[in-house]
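# Chain and residue survey
If you want the building blocks of each chain, they are given just below.
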Amino acid sequence: MSALSRFLSFAAALAASLLLSACERPPIDSVQTGYRGTGMVQVYNPRTVADQIPANQPLAAQPAASPEGPRAKDVYKNLQVLGDLSVGELTRHMAAITAWVSPKEGCAYCHNLTNLADDSKYTKVVARRMVQMTQNINSKWKTHVAGTGVTCYTCHRGEPVPQQLWFGPVAQPEAPYFIGNRNGQNAPARTVGLASLPNDPFTPYLKKTSDIRIAGPTALPTGHEASIQQTEGTYGLMIHMSNSLGVNCTYCHNTRSFGNWDESSPQRTTAWHGLRMVGEINNNYLEPLTSTFPATRRGPTGDVAKANCATCHQGAYKPLYGAAMAKDHPELLAPAAGAAPPAASAATATLPAPVAEALRSVLYFDVGSAALAQSQSTGMSKVIASLAATPGAKATISGYHSAAGTLAQNQELAKQRAFSVRDALLAAGVAESRVVLSKPQQTEANVSGEDPSARRVEVTVK
Ligand code: HEC
Ligand code: HEC
Ligand code: HEC
Ligand code: HEC
């Protein structure tokens, strides 16, 4: 063998070993999860699973505290959520959240130690809302978290900032891409398993409510309107879901027909509820905290850190492999009966009544919130009735924002409010083609920025 051919075969062997290095060494295990012949099998590497186990251990619960004795609210000054606990239970709760969220920093991470009632640290304000969020997850979303539930540790794992978060993407600069919008593609991103799929699978599905269903119900395309772009978006989301749980697509689907529910596993239904739960976590709890967080905690476009499936699951099919920590903390299982109402509904009480004229409705929103309040429902039903009465008419939606605060954030909020109204119309069965969104507009300058009439969405029917 000449020196050259020896060198070439060595190079070939080296190249082959590099190519194979991405493959996993056997043995690989598999577990059948559906009927034989359907390919519903979970393939996993026992070594990867063994590595993950130590990182997914629950913390041991502290001994229960006595529910007897004076209520904490009668002893302390500033309890808005946990006042009905006994003093002992409150102390235990504080020790637990310190271990879950800020074990290194201690009580001082949230408290001004010279005055524990003081709310000057943003972390305390955030933590109070997080308690309400956790109570809501455990009581309202049993369809997802079952009796297992979650605690602060499910997301935080001993760190003030959970490891798995997401921010909205930075807009693509127009000039260098004269060929058009890349839609987040051809830039391999871990969010979608390094595939060339739109690399932000979160904003459309975990914040907005874009339609995930793209498969046609018939063999031929007869009026089914999902585009290739929408399909790519769905696949990006599905890769995120599979990665977050450490499972294959067949954990939830029979791949003969991804859309078919009868042939899907029960886990797919759990996941369906999970998608809606994450939307609520992001829109009702995290988003309204945007201005509470300092700029250093916010994303490149100034948005708040948001949750996805990995925030709780962290690679496990059930967070902490199903360990139930919440049962030892009844204060996190449901809102206390006599507790102050959550911030959102407290503010709702002060919203002006909606305008509900024949061809024009005006809906008002809470500070920093894009959620359509219950109190505005007559305005919505008027629009829906007007559209039903005049089949040719369309609804034009414009979001308004106040002049106070940063313009970009205000415009984004006005846009999200307009989207909420659009989504409510679509949910009421109005066809998408009858809903027109117009640009966010700034209202007449108001001094305080707290003028509720500035935070509105107008809908005109014509
Ligand atoms: C992750 C944030 C966080 C940490 C860490 C924390 N706390 Fe708190 N603490 C809060 C929140 C939020 C409240 C208010 C709860 C409410 O409104 O019901 C509070 C309230 C209190 C109160 C009542 C104060 C008053 O007069 O209203 C006491 C006492 C207290 N904490 C003690 C502690 C101690 C002791 C530690 C350390 C072992 C600690 N906390 C750690 C968030 C935290
Ligand atoms: C569903 C997941 C989830 C759960 C459950 C959860 N958190 Fe959070 N938490 C988050 C996210 C997301 C953030 C935003 C991250 C950031 O600070 O940038 C956050 C931020 C915080 C912060 C601010 C930290 C900082 O330095 O900016 C505190 C304090 C906090 N959480 C306390 C709690 C407490 C106390 C509980 C339990 C009562 C809890 N969290 C439960 C997801 C969660
Ligand atoms: C944890 C469960 C789960 C996993 C894993 C999962 N999916 Fe899904 N999938 C769902 C749910 C839930 C929906 C329906 C969402 C809805 O209707 O809002 C869905 C919908 C879909 C759809 C659209 C079906 C339709 O009606 O048009 C496709 C296609 C799809 N998944 C493909 C995949 C692929 C490919 C993978 C693997 C990369 C995957 N899924 C992994 C739960 C899962
Ligand atoms: C707030 C934390 C949290 C978030 C966020 C979350 N999950 Fe879960 N999930 C849980 C808990 C807790 C369980 C365990 C429930 C149980 O014990 O049955 C679970 C269970 C599941 C299961 C059932 C697993 C099984 O084998 O029975 C699926 C599937 C699932 N989650 C999918 C998702 C998907 C998809 C997302 C993102 C859209 C998501 N989860 C987001 C907390 C969360």
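Residues numbered from 1 in each chain as written. Chains lettered and ligands numbered in written order. Predicted model: local features only at pLDDT ≥ 70, side-chain atom pairs only at ≥ 80, totals over all residues.

Helix and strand content of the chain: 14 helices and seven strands. A principal-axis box enclosing the C-alpha atoms of the chain has dimensions of 85 × 65 × 45 Å. A total of 462 residues make up the chain; the buried ones form 28% of that total. Put simply, of all contacts in the chain between residues at least 6 apart along the chain, 64% involve residues at least 24 apart. (Helix = DSSP H or I, 4+ residues; strand = E, 2+ residues; numbered from the N terminus. Buried ≥ 20, exposed ≤ 12 C-beta atoms within 10 Å, placed from the backbone. Contact = placed C-beta atoms within 7 Å.)

What follows deals with the sheet that holds strand β6 (residues 435-442). Pairing within the open sheet is mixed, and its five strands lie in the order β3-β4-β7-β5-β6. The outermost strands of the open sheet, each flanked by one partner alone, are β3 (355-356) and β6. Across five bridges, the pairing between strand β5 (residues 395-401) and strand β7 (residues 456-461) is antiparallel. Within the sheet, the bridge partner assigned to T396 lies in β7 and is T460. (Pairing = 2+ DSSP bridges.)

The first and last C-alpha atoms of helix α14 (residues 407-427) sit 30 Å apart over 21 residues, in line with the 30 Å expected at 1.5 Å per residue. Of all the residues in α14, the buried ones are N410, E412, L413, A414, R417, A418, S420, V421, R422 and L425. Of the surrounding elements, those touching the buried residues of α14 are β4 (360-364), α13 (377-389), β5, β6 and β7. Downstream of α14 by a residue or two, G429 has a phi angle that is positive, lying close to 95°. (Expected span 1.5 Å × (residues − 1).)

The biggest cluster of nonpolar side chains holds 37 residues, and the ones touching the most others in it are W100, C152, V278 and I281. When residues of this core are traced back to their parent elements, those giving at least two are α4 (87-101), α5 (122-140), α7 (152-156), α8 (203-207), α9 (228-245), α10 (266-286) and α11 (309-313). The element contributing the most residues to this core is α10, with five residues. Within the second largest apolar cluster, 20 residues are counted, among which are Y364, A414, L425 and V457. (Core = buried A, V, L, I, M, F, W, Y, C linked by C-beta atoms within 7 Å.)

This next bit is on the site of ligand 1. The local shell around ligand 1 holds 25 residues, among which Y76, M94, C107, C110 and A117 are the closest. Here the shell around ligand 1 takes five residues from α4, the largest share from any one element. Along the lines of polarity and charge, the residues of the shell around ligand 1 split into 14 nonpolar, eight polar and three charged. (Near = placed C-beta within 6 Å. Nonpolar A, V, L, I, M, F, W, Y, C, P; charged D, E, K, R; others polar.)

Close to ligand 4 lie 24 residues; A146, T148, G274, C309 and C312 are nearest. Looking at the shell around ligand 4, the elements that each hand over two or more residues are α6 (142-145), α9, α10 and α11. For the shell around ligand 4, the element with the most residues is α10, which contributes six residues. The residue makeup of the shell around ligand 4, split by class, is 14 nonpolar, nine polar and one charged.

The subject of this paragraph is unusual backbone geometry. Between P26 and the following residue, P27, the backbone shows a cis peptide bond with an omega angle of 0°. Here P27 is to be found in the loop between α1 (3-20) and β1 (29-32). Although it is not a glycine, R157 sits at a positive phi angle of roughly 50°. Inspection of the secondary structure puts R157 in the loop between α7 and α8. Look at L320: it is not a glycine, yet its phi comes out positive at around 55°.

Within the secondary structure, Y285 sits in helix α10. Classification of Y285 by C-beta neighbours within 10 Å gives buried; the count is 23. Not counting chain neighbours up to four residues away, the residues in contact with Y285 comprise R129 and M133.

Bringing the pairing of β4 into the picture now. Relative to β4, β3 runs antiparallel, the two being bridged by two bridges. Residue pairing in the sheet places V355 in a bridge with V362 of β4. The turn linking β3 back onto β4 is made up of three residues. Looking at chain direction, β4 and β7 are connected through five bridges and run antiparallel. Within β7, the residue paired with V362 across the bridge is E458.

What follows deals with the environment of S210. When you line up the elements, S210 lands in the loop between α8 and α9. The class for S210 is partly exposed, based on 14 C-beta atoms found within 10 Å. For S210 and V304, which are 94 residues apart along the polypeptide, the C-alpha to C-alpha distance reads 20 Å. Apart from the residues lying within four places of it in its own chain, the contact partners of S210 are P204, Y205 and G233.

Now for the confidence of the model for the chain. Model confidence for the chain is summarised by a mean pLDDT of 88, while 92% of its residues fall at 70 or above. Scored below 50 in pLDDT, residues 339-348 makes 18 contacts in the model with residues more than four places away or belonging to other chains. (pLDDT = per-residue confidence, 0-100.)

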